[in-house]
Amino acid sequence: MNFKTFFAMLSRDAHVARRNFGPLLAQTLLQPMMFVFIFGRVMVTSGYMPPQYKSLLLPGIIAISMVISGAWAVAMPLISEFQFTKEIEDRLLAPMEMDWLAVEKVVAGMIQALVAGLVVIPIAWLVMGSGVVLSSDHIVLFIVLALLVSLLASVIGLTLGCSVGPQHIGLMFSLALAPMIFFGCTYYPWQALQKFPVLKRMVLINPLVYASEGFRSALVPEFPHLPLNWLLVGLGLFNVVFFSLGIRQFRKKALT
Amino acid sequence: MAFGAAARGAKSAKTTYEVVALDDLTLEVRAGEIFGLLGPNGAGKSTTVGILTTRVKPTHGHAWVGDFNVWERRVDVKRLIGVVPQRPNLDFALTAREVLTFHGAYFGLPSAERQRRADALLDRFKLRDRANQLLHGFSGGMMQRLSIARAMMHDPAVLFLDEPSAGLDPQTRLLLAEIVREYNEAGKTILLTTHNMEEADALCHRVAIVDHGKLIAVGTPLELKRSIPGGFLVRLHFSAAPASLVESLGALPGVTEARTSSDGQVDLYADRGGALIPAIVSAATAAGVTIHDVHISEPSLENLFLRHTGRSLRE
């Protein structure tokens, strides 16, 4: 392992992300923010939704923002660099074992997911106006979950980025990311699926469920949420699965 | 072994989708030489470079760079080599200067050294005035120059250039040749691939001619050209080429070999060119055939390739 090379690549990614910070945020955060405004502000203020919905919604929005921006930050450059511009070649020829380049991409994606999470909390708070009540009693749990979720975002990005062709980016969004968001217990708690027993079981294969339910358990524990051991096992398992898949696809792409 | 064999692709054969890109190709590049791999498109040149630069895993055989078996010691090999790919793969998220400085950082160069080398290379490759721009507006030639500068950034002992002059204007081509020679004079080994025999002839100390993944000939350009029987190639196209005509053409003074390559086509290898024409016309008249076309070419690597494969390099 060559740390100098690893950190040089990480600083390259940070440099590029800083340069594209504005467009990157708009790309990944605008949609959840509009959702926050319509459902958290307009619907609540006009009386169609109860005021508590604001607090219920926020953890789900944090989860979406982190997962989408982390996955996007890893997947999009990989898709174009591997298949389009081939510009990753230069880094594959750097004096470091190839797998570490995949690890570097994952770390860079984690940082971007964490930044997205940090940015989205105050913005959503402002957009929704008064009435958001978050608990600060489980701050350590929140930090652990945030790290696991950012890793999840990154390894999903690694898998998608090394599996999807440039001509299928639109399809990736509508077939993978959109269903993940809507069936990810982001806008409603898992408990709300009580009357849909089949769906309730099926959504458990969606990694985003564990992210939004996890943030709910840490920030608004008074609402129903999955038990802690389910959450940790779910997040851990999906991290392992997507990391192994992602690295396998990465090796396939990196060598000809 | 010191830096004896700079790049040794021993029996490296790569099989993908049942297409054999390299078939029992063995060659040795000596330290400090400019070595050319000459062959038409699809000959296996890029696959050879890919195997030697850790980017392609051979299905059989071994490749060595210096003391290192390429596949087993990839990281050590990567420190020794600089690679200029056939298609520029520059980092489009960066400016020209950053392409160089980040590349230096990947190879562990300290910051001041990175800046110093980047400045020197930007000057040498005449890119100074575009140094701080992103690459989107760069022309093909500028990108190619930057690719080569990047490959030299960490001062590698072996430089691989895959079709370096493809698509370059004559002026940039000259600059490139000058830089390659200069780098070689600093004691570096250079392996370049090309399908341009003039380039190989002018630049390389030794040349290997490859086709369909097989080594056809290897030697200095002069040795290779001398190995062509006669040296001159006279390509004739008749209305028909009966065996008696081919025989009488082969018996002409100065002709070492007469071969029929396709319908009505006869290739003469001879020690003279234009001086043969009157005798050829007489022979054709005697055989009762008409001459459609005559083409005389002087001794060249192109002729050598043609002699071994029956095809032109440009085909």
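Just so you know, these numbers come straight off a predicted model, no measurement behind them.

Enquirer: For the overall build of chain A, give the residues involved together with the corresponding values.
Expert: Helices and strands together make up the secondary structure of chain A, namely ten helices and zero strands. The order of helices and strands in chain A, counted from the N terminus, is α-α-α-α-α-α-α-α-α-α. Whereas a compact globule of 256 residues would reach a radius of gyration of roughly 18 Å, chain A reaches 19 Å, a difference of no more than 12%. Burial statistics for chain A: of 256 residues in total, 54% are counted as buried. Sequence-distant contacts, at least 24 apart, represent 81% of the contacts inside chain A between residues at least 6 apart. Within the structure as shown, chain A displays about 11,300 Å² of accessible surface, and the carbon and sulfur contribution to it stands at 73%.

Enquirer: With reference to specific residues and values, describe the sheet that holds strand β11 (residues 206–211) of chain B.
Expert: Residues and elements named next belong to chain B. Strand order across the open sheet formed by six strands is β8-β9-β10-β5-β11-β12, with mixed pairing between neighbours. Only two strands of the sheet have a single neighbouring strand rather than two, namely β8 (81–84) and β12 (214–219). Geometrically, the sheet is characterised by an average inter-axis angle of 15 degrees between neighbouring strands, direction not taken into account. In this sheet, strand β10 (residues 189–194) lies alongside strand β5 (residues 34–38) in parallel orientation, the contact comprising five bridges. Looking across to β10, one finds that isoleucine 34 is bridged to isoleucine 190. Together, β8 and β9 (158–162) form the strand contacts of helix α5 (residues 140–152), whose direction differs from that of β8 by roughly 170 degrees.

Enquirer: Go over the layout of surface pockets with me, naming the residues and quoting the values.
Expert: Of the pockets and cavities examined, the second largest pocket occupies roughly 630 Å³. What lines the second largest pocket is a set of 25 residues, among which A:Val16, A:Asn20, A:Pro77, A:Glu81 and B:Ala93 lie closest to the centre. When residues of the lining of the second largest pocket are traced back to their parent elements, those giving at least two are α1 (3–19), α2 (21–45), α3 (53–83) and α5 (98–128) of chain A. Element by element, the count of residues in the lining of the second largest pocket is highest for α3(A), at seven residues. Class assignment of the residues belonging to the lining of the second largest pocket gives a composition of twelve nonpolar, seven polar and six charged.

Enquirer: Can you explain the pattern of salt bridges? Please cite residues and give values.
Expert: Under the counting rule described, the total for this entry stands at 24 salt bridges over all chains. Salt-bridge contacts for B:Arg116 lead to B:Glu113; the nearest nitrogen and oxygen are separated by 3.0 Å. On the criterion of helical spacing, the pair formed by B:Arg116 and B:Glu113 is a turn pair, its members being three residues apart in helix α4 (residues 111–124). Through salt bridges with shared partners, a single network forms among A:Arg12, A:Asp13, A:Glu81, A:Arg91, A:Lys105 and B:Asp91.

Enquirer: Residues and numbers for helix α9 (residues 207–219) of chain A, please.
Expert: Residues and elements named next belong to chain A. With 13 residues, α9 should cover 18 Å at 1.5 Å per step; its first-to-last C-alpha distance of 19 Å lies within 8% of that length. Where burial is concerned, most of α9 is hidden: 13 out of the 13 residues are buried. Where α9 begins, the capping side chain belongs to asparagine 206, and its oxygen is found 3.0 Å from the backbone nitrogen of leucine 208.

Enquirer: Go over the environment of B:Gly36, please, and point to the residues and values.
Expert: Residue and element names in this part refer to chain B. Examined against the element boundaries, glycine 36 turns out to sit in strand β5. Separated by 16 residues in the primary sequence, glycine 36 and leucine 52 have C-alpha atoms spaced 14 Å apart. Each residue touching glycine 36, except ones within four places of it in the same chain, is listed here: Leu192, Cys204, Arg206, Val207 and Ala208.

Enquirer: Give a description of the environment of A:Gln191 that names residues and reports values.
Expert: Residues and elements named next belong to chain A. Inspection of the secondary structure puts glutamine 191 in the loop between α7 (169–182) and α8 (197–202). Spatially, the C-alpha atom of glutamine 191 lies 8.3 Å from that of leucine 226, the residues being 35 residues apart in sequence. If we ignore the near neighbours within four places in the chain, the residues touching glutamine 191 are Lys200 and Pro224. Reaching out from glutamine 191, the side chain makes a polar contact with the side chain of glutamine 194 at a distance of 2.8 Å.

Enquirer: Break down the interface of chain A and chain B for me, citing the residues and quoting the values.
Expert: Taken residue by residue, the interface counts 26 residues in chain A and 30 residues in chain B. Taken together, the two surfaces of chain A and chain B that pack against each other cover about 2,500 Å², and 52% of this comes from carbon and sulfur. On the chain A side of the interface with chain B, the three residues burying the most area are A:Asp90, A:Leu93 and A:Pro95, jointly 26% of the side's total. Joining chain A to chain B, the criterion identifies five salt bridges.

Cut-offs and rules
Residues numbered from 1 in each chain as written. Chains lettered and ligands numbered in written order. Predicted model: local features only at pLDDT ≥ 70, side-chain atom pairs only at ≥ 80, totals over all residues. Heavy atoms only, no water. Helix = DSSP H or I, 4+ residues; strand = E, 2+ residues; numbered from the N terminus. Rg over C-alpha atoms; globule rule 2.2 N^0.38 Å. Buried < 20%, exposed > 50% of the residue type's maximum accessible area, 1.4 Å probe, protein only. Contact = heavy atoms within 4.5 Å. Areas by Shrake-Rupley, 256 points an atom, 1.4 Å probe, with all protein chains shown as cover. Pairing = 2+ DSSP bridges. Axes fitted to C-alpha atoms, helices over the stretch in contact; angles between N-to-C directions. 1 Å grid on protein atoms, 1.4 Å probe; cavity = no way out; pocket = protein on both sides within 12 Å on 5 of 7 lines; lining within 4 Å. Points joined across faces, edges and corners; volume = space filled by probe spheres on them. Nonpolar A, V, L, I, M, F, W, Y, C, P; charged D, E, K, R; others polar. Salt bridge = Lys/Arg side-chain N within 4 Å of Asp/Glu carboxyl O. Expected span 1.5 Å × (residues − 1). Polar contact = N/O pair within 3.5 Å; in protein donor to acceptor, adjacent residues only side chain to side chain. Buried area = accessible area lost by both parts, 1.4 Å probe.

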